[in-house]
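Analysis of the macromolecular model
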Amino acid sequence: MGEDDIFYADKGKLDLLGLGVSRTQLEDIAETGKYVTYVELRSPVDGLVLARKVSPQQRVDKGTEVFTVADLKRVWIVAEVFPVEAQYIKPGMRARIALPQQNQVFQATVTNVPSVFDAATRTLKVRLEVENPDLLLRPEMFVDVEFLITFPPAITVPADAVLDSGRRKTVFVAHENGFFEPRSVMTGWRFGDRVEIVEGLMPDEQIVVSGNFLIDSESRMKLAAAGLYGIPERDPICGQDVYPARAKAAGLTSESGGKMHYFFTKDCKDQFDREHGLMSAAPSGGSAQNTKPGGTDDNLAAHGFARDVVCGMPIPQNKAKAAGLTTEHAGQTYYFCSEECKQHFEKAPEPIVERAQRRATQSSAPQTVGHKHD
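A short tour of the structure in this document, coming up. All values derive from a computational prediction rather than experimental measurement. (Residues numbered from 1 in each chain as written. Predicted model: local features only at pLDDT ≥ 70, side-chain atom pairs only at ≥ 80, totals over all residues. Heavy atoms only, no water.)

Counting its regular elements, the protein chain contains ten helices and 21 strands. Looking at the protein chain as a whole, 30% of its 374 residues qualify as buried. (Helix = DSSP H or I, 4+ residues; strand = E, 2+ residues; numbered from the N terminus. Buried < 20%, exposed > 50% of the residue type's maximum accessible area, 1.4 Å probe, protein only.)

Dropping the structure here:
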């Protein structure tokens with residue numbers, strides 16, 4: 001074969017390649033020497049044919065998409081997440097993927113692609129990537145996604161246990177005598193069927209969970225939370241919820257500035273009256289209240305409460321003991337509402353005891369309202 005023949009052979013090969021004939025088909029033509037009337041189009045990747053947009057004998061132009069082929073060895077999963085839960089999902093977070101009713105679990109990773117809000121479902125679409133070597137995950141399949149999120153230790157309850165009236169959130173606490181106390185709580189994060197209780201409950205307290213009681217009893221409790229016994233007022237001294245009718249019956253009310261105030265204990269009422277000049281001077285040789293350092297007044301003790309000497313909050317003695325929020329100093333037992341108060345006291349107990357004694361004995365001294373630390 002001369003040089004011209006080689007040139008024309010190479011030119012013909014390039015022309016065939018330009019027409020779309022693959023190198024594999026050219027090699028077959030060279031080996032067999034047979035003339036072919038068709039051109040093989042081979043996908044550059046292995047995968048699943050998702051769409052076919054061509055039919056036999058159909059003419060197609062250059063650049064026309066005739067097949068859609070997907071490589072399923074690594075796939076995307078789009079999870080629909082409510083906005084309140086999406087705030088805890090970060091790029092790079094691990095997730096567990098499971099096929100419904102199948103014993104198949106995959107490990108996925110949240111991508112860096114920002115989530116997209118879907119107005120129809122009111123959810124955020126979060127993209128995950130997962131290895132799929134056995135091709136078990138296919139397009140349009142539904143899977144269960146479990147995000148592996150770690151929260152700090154907290155008191156959590158079932159979401160159904162919290163009754164939300166709009167103005168306040170209520171949890172019913174069960175007592176030994178069969179009485180259910182409606183307790184106002186402050187909630188934090190909510191994920192799945194669990195909700196965090198930031199304030200209002202202590203560890204190991206028993207609460208009412210929806211479905212555990214007869215329907216009529218549950219209905220009566222909901223009516224109580226809705227206001228059957230009146231909307232509770234906030235004690236301006238200790239911050240506890242107080243039902244006006246019960247406070248009136250116990251004589252724990254004071255009027256100041258044209259407004260009626262209700263109190264949780266007599267100690268709270270006496271403190272309020274002293275601050276606003278509503279209490280007459282204590283009789284000679286007597287004292288307005290028990291001022292023994294580290295102790296509680298008789299009224300609080302009668303109700304099983306003690307006063308936190310750091311922040312001044314009344315707390316149940318048995319609950320503080322159960323939570324380990326007590327300490328001994330100078331032969332006295334001190335109770336605290338939180339670990340923060342306890343640690344603050346243990347660092348420098350003497351100044352705190354002295355300040356607590358001065359607050360109890362000096363009626364003209366300004367009082368601290370709320371949970372503030374020395």
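Take the environment of C238 next. Structurally, C238 is set in the loop between strand 14 (233-234) and strand 15 (241-242). Separated by 77 residues in sequence, C238 and I315 place their C-alpha atoms 9.6 Å apart. C238 has contacts with F264, C268, M313 and P314, leaving out every residue within four places of it along the chain. (Contact = heavy atoms within 4.5 Å.)

This next bit is on the pattern of salt bridges. Within this structure, the stated rule accounts for ten salt bridges. Its salt-bridge partner being R74, residue E131 comes within 2.2 Å of it at the nearest N-O pair. Taken as a pair, E131 in strand 7 (residues 123-131) and R74 in strand 3 (residues 74-81) lie far apart in primary sequence, 57 residues in all. Three or more residues are tied together by salt bridges with common partners; here these are R74, E129 and E131. (Salt bridge = Lys/Arg side-chain N within 4 Å of Asp/Glu carboxyl O.)

Okay, the nonpolar core next. V81, I89, V110, L128, V130, L137 and F147 are the most contacted members of the largest nonpolar core, which has 21 residues in total. Secondary structure elements with two or more residues in this core: strand 3, strand 4 (94-98), strand 5 (105-110) and strand 7. Setting aside anything within four residues of it in sequence, one finds V110 in contact with I89, K90, P91, G92, M93, V126, R127, L128 and F147. In terms of nonpolar packing, the next biggest core, distinct from the first, is built from 16 residues, A306, V310, C311 and Y334 among them. (Core = buried A, V, L, I, M, F, W, Y, C linked by side-chain atoms within 4.5 Å.)

This brings us to the side chain of E196. Within the fold, E196 resides in strand 13 (residues 194-199). Although E196 is buried, it forms no salt bridge, and the closest oppositely charged side chain is R194 at an N-O distance of 11 Å. Discounting chain neighbours no more than four positions away, the residues touching E196 are A154, I155, T156, M186, T187, G188 and W189. (Lys, Arg positive; Asp, Glu negative; His and termini not counted.)

In this model, R122 sits at a positive phi of 55°, which is unusual for a non-glycine residue. Here R122 shows up in the loop between strand 6 (116-118) and strand 7. Classification of R122 by relative accessible area gives exposed; the value is 63%. The backbone phi angle of A330 is positive, close to 55°, even though this residue is not glycine. Here A330 is to be found in the loop between strand 20 (326-329) and strand 21 (332-335).

A few words now on helix 9 (residues 339-347). Those residues of helix 9 not exposed but buried are C341, K342 and F345. Projected down its long axis, helix 9 carries its buried residues within an arc of 100°, all on one side. For helix 9, the exposed residues set more than 90 degrees away from the buried face come down to E340 and K347. (Arc of directions from axis to C-beta.)

This part covers the packing of aromatic side chains. Inspection of every chain in the model, using the stated rule, returns three aromatic pairs. On the basis of an interplanar angle of 50° and a centroid distance of 5.1 Å, the ring pair of F263 and F272 is categorised as tilted. Residue F263 is classed as buried on the basis of its relative accessible area of 1%. Put simply, the rings of Y334, F336 and F345 touch in pairs and so form one group of aromatic residues. Note that R127 overlies the ring of W76, its terminal NZ or CZ placed 3.6 Å from the centroid. (Phe/Tyr/Trp six-rings, centres within 6.5 Å; stacked < 30°, edge-to-face > 60°. Lys NZ or Arg CZ within 6 Å of the ring centre and 35° of its normal.)

So, on to the side chain of K269. Tracing the backbone shows K269 in helix 6 (residues 266-275). A polar contact is formed between the side chain of K269 and the side chain of S254, at a distance of 2.8 Å. (Polar contact = N/O pair within 3.5 Å; in protein donor to acceptor, adjacent residues only side chain to side chain.)

What follows covers the pairing of strand 4. Side chains A95 and I97 project from strand 4 onto a buried face, and the interleaved R94, R96 and A98 project onto a face without burial. The pairing of strand 4 with strand 5 spans five bridges and is classified as antiparallel. Looking across to strand 5, one finds that R94 is bridged to T109. Joining the antiparallel neighbours strand 4 and strand 5 is a turn of six residues, in which Q101 adopts a positive phi near 60°. With four bridges connecting them, strand 4 and strand 8 (residues 144-147) associate as antiparallel partners. Looking across to strand 8, one finds that R96 is bridged to E146. (Pairing = 2+ DSSP bridges.)

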